[in-house]
Amino acid sequence: MDIDAVIAVHRPQWERLRELTSLRRLDAEEIDELVALYQETATHLSVVRSTTPDPSLTAELSLLLHRARLRITGVRIGTWAQLRGFLLVDLPAALYSSRRAAALAAGIFLLATVATGLWFGLDASARDLVLPQEAQEELVEHDFVAYYFQGQASGFAAQVWTNNAWITVQAVVLGVTGVWPVLMLLQNGLNVGLSAGVMGAYGGLPTFFVYLLPHGLLEITALMVGAGAGLRTFWAWVRPGALPRGWALARTSRALVTVAIGLVPVLLVSGLVEGFVTPSALPAPVRLGIGAIVWIAFLAYMLVLGRRAHRAGARGDLSEELVGARVAVAG
């Protein structure tokens, strides 16, 4: 089937349907015309999908029919219903879909952190090349802990939140390059490993973990999920599977936006913990317990609720009627 000929023949009907759906008031004849054009356009979409699944035309007609259906039925999805669907279905499904890529990102980060920590912790000459001995002692005795007492807790939490959110968004958006998330993971792993190595060399590892883990468990996990979601777009570009490369990349990118939006409040929680719990006078086990609770809650949201939504068919993408069906492939 010649797709250009189909567009040329039926474009006037589609434009008329678009015009009718945008009118504020319709008389009886216009309502009848709207219903008839809706049925005809639905037939056109079915033919296009089954014979020449052009992605742009399929998406255009799907969206047009969605708007016409809402105009005919008068059905509207409330804001709270949309928000509930996003929080309980779309977001956990998108997070769950990124679990393997997030595990890969965590592996890269942990490898860089452990290797760097052991190197600087066991090799005094390597430490001296990076930090003078006076700076090392100052880090252990003052600077590492003093970082968490900068200014008021609320301002510090806001600063941490915006910084981490910005880093995560970069990893998500630039993930299609396949390079930026890996560089971000290596850089952060080197920084954490250097601090751990220096603290360990001077007997400060307990202090290191007490001040890192309460917020770090959730914060680092969110960064790993963001980097993993970014790497998924790169993989969709390299190995699109049965879908055309453009479709695979678009579908993964839409789910990626869901992940980026969802990680913002997660990083807000970790920022609040870092600003109010980590430097607090609470006993160390209590601070670590609070950090463990918010971290486990996020993992349960991502892996338990996400698995349930994923098994129900959700992927964090827009509905099929808005973006069009997948390309039909021979089994």
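Since this is a predicted model, take the numbers as computed values, not measurements.

Considerations on the overall build of the chain
Right, on to step 1. A tally of regular secondary structure across the chain gives 13 helices and zero strands.
Right, on to step 2. When the 331 residues of the chain are sorted by exposure, 38% land in the buried category.
Right, on to step 3. Put simply, the chain shows about 17,600 Å² of open surface, and 65% of that area lies on carbon and sulfur atoms.

Points about a nonpolar patch on the surface
Right, on to step 1. There is a patch of nonpolar side chains on the surface, built from W166, V169, V173, L174, V179, W180 and L183 and spanning about 640 Å² of accessible area.
Right, on to step 2. Elements represented by at least two residues in the nonpolar patch include exactly α8 (153-173) and α9 (180-201).
Right, on to step 3. Per element, the largest residue contribution to the nonpolar patch is three residues, and it comes from α8.

Notes on the side chain of E274
Right, on to step 1. Take E274: it is sitting in helix α11 (residues 245-277).
Right, on to step 2. Although E274 is buried, it makes no salt bridge; R287 carries the closest opposite charge, 12 Å away.
Right, on to step 3. Apart from the residues within four sequence positions on either side, E274 is in contact with Y147, Y148, F156, V160, H215, E219 and P279.

As for the packing of aromatic side chains
Right, on to step 1. Counted according to the given criterion, the structure contains six aromatic pairs.
Right, on to step 2. With a centroid separation of 6.0 Å and an interplanar angle of 75°, the aromatic rings of F144 and Y148 are classed as edge-to-face. Taken as a pair, F144 and Y148 share a single burial class, namely buried.
Right, on to step 3. The residue whose ring lies beneath R287 is Y211, and the NZ or CZ to ring-centre distance is 5.3 Å.

Observations regarding a negative patch on the surface
Right, on to step 1. A grouping of E134, E137, E138, E141 and D143 is seen on the molecular surface, where their side chains present a negatively charged patch.
Right, on to step 2. Checked against the element boundaries, E134 lands in helix α7 (residues 133-146).

Remarks on the pattern of salt bridges
Right, on to step 1. Throughout the structure, instances matching the rule amount to six salt bridges.
Right, on to step 2. For the salt bridge of E60 with R18, the shortest nitrogen-to-oxygen distance reads 3.1 Å. Of the two residues, E60 sits in helix α3 (residues 55-73) while R18 sits in helix α1 (residues 3-22), which places them 42 residues apart along the sequence.
Right, on to step 3. Its relative accessible area of 24% is what places E60 among the partly exposed residues.
Right, on to step 4. With relative accessibility at 28%, the residue R18 sits in the partly exposed group.
Right, on to step 5. Residues joined in a network through salt bridges with shared partners are R11, E15, R18 and E60.

Some words on the packing of α1 against helix α2 (residues 28-51)
Right, on to step 1. The geometry of α1 relative to α2 is characterised by a closest axis approach of 9 Å and an angle of 145° between their N-to-C directions. The two elements α1 and α2 cross, and the hand of that crossing is left-handed. Where α1 approaches α2, its residues I3, H10, Q13, W14, R16, L17, L20 and T21 are matched on the opposing element by E30, E33, L34, L37, Y38, E40, T41, H44 and V48.
Right, on to step 2. For the contact of α1 with α2, the class distribution of residues is eight nonpolar, five polar and four charged.

As for α2
Right, on to step 1. Taking 1.5 Å of rise per residue, 24 residues should cover 34 Å, and α2 covers 35 Å from first to last C-alpha, within 8% of that figure.
Right, on to step 2. Burial in α2 covers these residues: E30, L34, L37, Y38, T41, H44, L45 and V48.
Right, on to step 3. Elements in contact with the buried residues of α2: α1 and α3.
Right, on to step 4. At the N-terminal boundary of α2, the capping side chain belongs to D27, with an oxygen 3.2 Å from the backbone nitrogen of E29.

What about the nonpolar core?
Right, on to step 1. With 18 residues, the main nonpolar core has L95, V225, V259, L263 and F298 as its most contacted residues.
Right, on to step 2. Elements with a contribution of two residues or more to this core: α4 (79-97), α8, α10 (205-238), α11 and α12 (284-311).
Right, on to step 3. A per-element tally of this core places α11 first, with six residues.
Right, on to step 4. When sequence neighbours within four positions are dropped, the list of residues in contact with V225 reads L95, A102, V259, L263, F298 and M302.
Right, on to step 5. Formed by 16 residues, the second largest nonpolar core is a distinct cluster that contains V140, F156, V198 and L212.

Some details on the confidence of the model for the chain
Right, on to step 1. In the predicted model, the chain carries a mean pLDDT of 84, and the fraction of residues at 70 or more is 89%.
Right, on to step 2. The spread of mean pLDDT over the elements of the chain runs between helix α13 (residues 320-323), the lowest at 44, and α12, the highest at 95.
Right, on to step 3. When the criterion is pLDDT under 50, residues 319-331 qualifies, and its contacts beyond four places in sequence or with other chains add up to 28 contacts.

Side note on the environment of L57
Right, on to step 1. For L57, the location among the structural elements is in helix α3.
Right, on to step 2. For L57 and I3, which are 54 residues apart along the polypeptide, the C-alpha to C-alpha distance reads 9.0 Å.
Right, on to step 3. Setting aside anything within four residues of it in sequence, one finds L57 in contact with I3, I7, W14 and V48.

Some points on the environment of L64
Right, on to step 1. The residue L64 is located in helix α3 in this model.
Right, on to step 2. With relative accessibility at 2%, the residue L64 sits in the buried group.
Right, on to step 3. In the structure, L64 is positioned 26 residues away from Y38 in sequence and 8.9 Å away in space, judged by C-alpha atoms.
Right, on to step 4. With residues near it in sequence (within four places) discarded, L64 still touches W14, L17, R18 and T41.

Cut-off values and rules
Residues numbered from 1 in each chain as written. Predicted model: local features only at pLDDT ≥ 70, side-chain atom pairs only at ≥ 80, totals over all residues. Heavy atoms only, no water. Helix = DSSP H or I, 4+ residues; strand = E, 2+ residues; numbered from the N terminus. Buried < 20%, exposed > 50% of the residue type's maximum accessible area, 1.4 Å probe, protein only. Areas by Shrake-Rupley, 256 points an atom, 1.4 Å probe, with all protein chains shown as cover. Patch = residues over 30% accessible without salt bridge, like charges linked within 9 Å, V, L, I, M, F, W, Y side chains within 5 Å. Salt bridge = Lys/Arg side-chain N within 4 Å of Asp/Glu carboxyl O. Lys, Arg positive; Asp, Glu negative; His and termini not counted. Contact = heavy atoms within 4.5 Å. Phe/Tyr/Trp six-rings, centres within 6.5 Å; stacked < 30°, edge-to-face > 60°. Lys NZ or Arg CZ within 6 Å of the ring centre and 35° of its normal. Charge placed at Lys NZ, Arg CZ, Asp CG, Glu CD. Axes fitted to C-alpha atoms, helices over the stretch in contact; angles between N-to-C directions. Left-handed = near helix turned anticlockwise from the far one by under 90°. Nonpolar A, V, L, I, M, F, W, Y, C, P; charged D, E, K, R; others polar. Expected span 1.5 Å × (residues − 1). Polar contact = N/O pair within 3.5 Å; in protein donor to acceptor, adjacent residues only side chain to side chain. Core = buried A, V, L, I, M, F, W, Y, C linked by side-chain atoms within 4.5 Å. pLDDT = per-residue confidence, 0-100.

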